[in-house]
Amino acid sequence: MEDVKLGGTMVTLGTDLNREYAWCLRKVNEVDCICLHKRMPSGSSYFNEKDFVTAIPLERVESCAKLLIRG
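What this report covers is the structure whose coordinates are included nearby. Just so it is clear, the model here is predicted, and its values are computed rather than measured.

Moving on: the sheet that holds strand β3 (residues 31-38). On the basis of which strands lie adjacent, the open sheet formed by 4 strands has the order β1-β2-β3-β4 and antiparallel pairing. The open sheet terminates on both sides in strands that have one partner only, identified here as β1 (6-15) and β4 (52-57). Looking at each pair of strands side by side, their axes are set apart by 25 degrees on average, direction ignored. Sheet strands touched by helix α1 (residues 58-70): β2 (21-28), β3 and β4. Its angle to β4, the strand with the most contacts, is close to 55 degrees.

Turning our attention to the packing of aromatic side chains. Counted according to the given criterion, the structure contains 0 aromatic pairs. Over the ring of Y21 we find K38; its NZ or CZ atom is 4.8 Å from the centre of that ring. If you follow K50 out to its NZ or CZ, it ends over the ring of Y46, 5.2 Å from the centre.

Glancing now at unusual backbone geometry. Of note in the backbone geometry, N29 takes a positive phi value of approximately 50 degrees without being a glycine. Note that N29 resides in the loop between β2 and β3. Since its relative accessible area comes to 25%, N29 is described here as partly exposed. Its identity is not glycine, yet F47 carries a phi of approximately 55 degrees, on the positive side.

Turning next to the pairing of β3. Where β2 lies against β3, 8 bridges are found, and the strand directions are antiparallel. Pairing of R26 across the sheet is with C33, part of β3. Where β2 folds back on β3, the antiparallel hairpin that results is connected by 2 residues, among which N29 adopts a positive phi of roughly 50 degrees. Inspection of the sheet shows β3 paired to β4 by 5 bridges, in the antiparallel sense. Bridge pairing in β4 links L36 to T54.

The next point concerns the side chain of R26. Mapped onto the fold, R26 is located in strand β2. Buried charge without a partner: R26 forms no salt bridge, and the closest opposite charge is E49, 6.6 Å away. A distance of 2.8 Å separates a polar atom in the side chain of R26 from the backbone oxygen of F47. If we skip the residues at most four places from it in the chain, R26 touches L6, G7, G8, T9, M10, V31, D32, C33, C35 and F47.

The rules we used
- Residues numbered from 1 in each chain as written.
- Predicted model: local features only at pLDDT ≥ 70, side-chain atom pairs only at ≥ 80, totals over all residues.
- Heavy atoms only, no water.
- Pairing = 2+ DSSP bridges.
- Helix = DSSP H or I, 4+ residues; strand = E, 2+ residues; numbered from the N terminus.
- Axes fitted to C-alpha atoms, helices over the stretch in contact; angles between N-to-C directions.
- Contact = heavy atoms within 4.5 Å.
- Phe/Tyr/Trp six-rings, centres within 6.5 Å; stacked < 30°, edge-to-face > 60°.
- Lys NZ or Arg CZ within 6 Å of the ring centre and 35° of its normal.
- Buried < 20%, exposed > 50% of the residue type's maximum accessible area, 1.4 Å probe, protein only.
- Lys, Arg positive; Asp, Glu negative; His and termini not counted.
- Salt bridge = Lys/Arg side-chain N within 4 Å of Asp/Glu carboxyl O.
- Polar contact = N/O pair within 3.5 Å; in protein donor to acceptor, adjacent residues only side chain to side chain.

Right, dumping it as structure tokens:
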């Protein structure tokens, strides 16, 4: 994976159903994304590069949602 640069304002979105990951909206390498971070045993997340897992560009999520709504 290329180097990840987290930037911009971050908005937390909560956790997954199993409470293993924390989600947020923020820029990754200057692209608006939904980010996935690993949660610590205490339940919190740093929301930084230390616990970053992956990111999904919002543009991709929006295009998939449009297909779902049309279908």
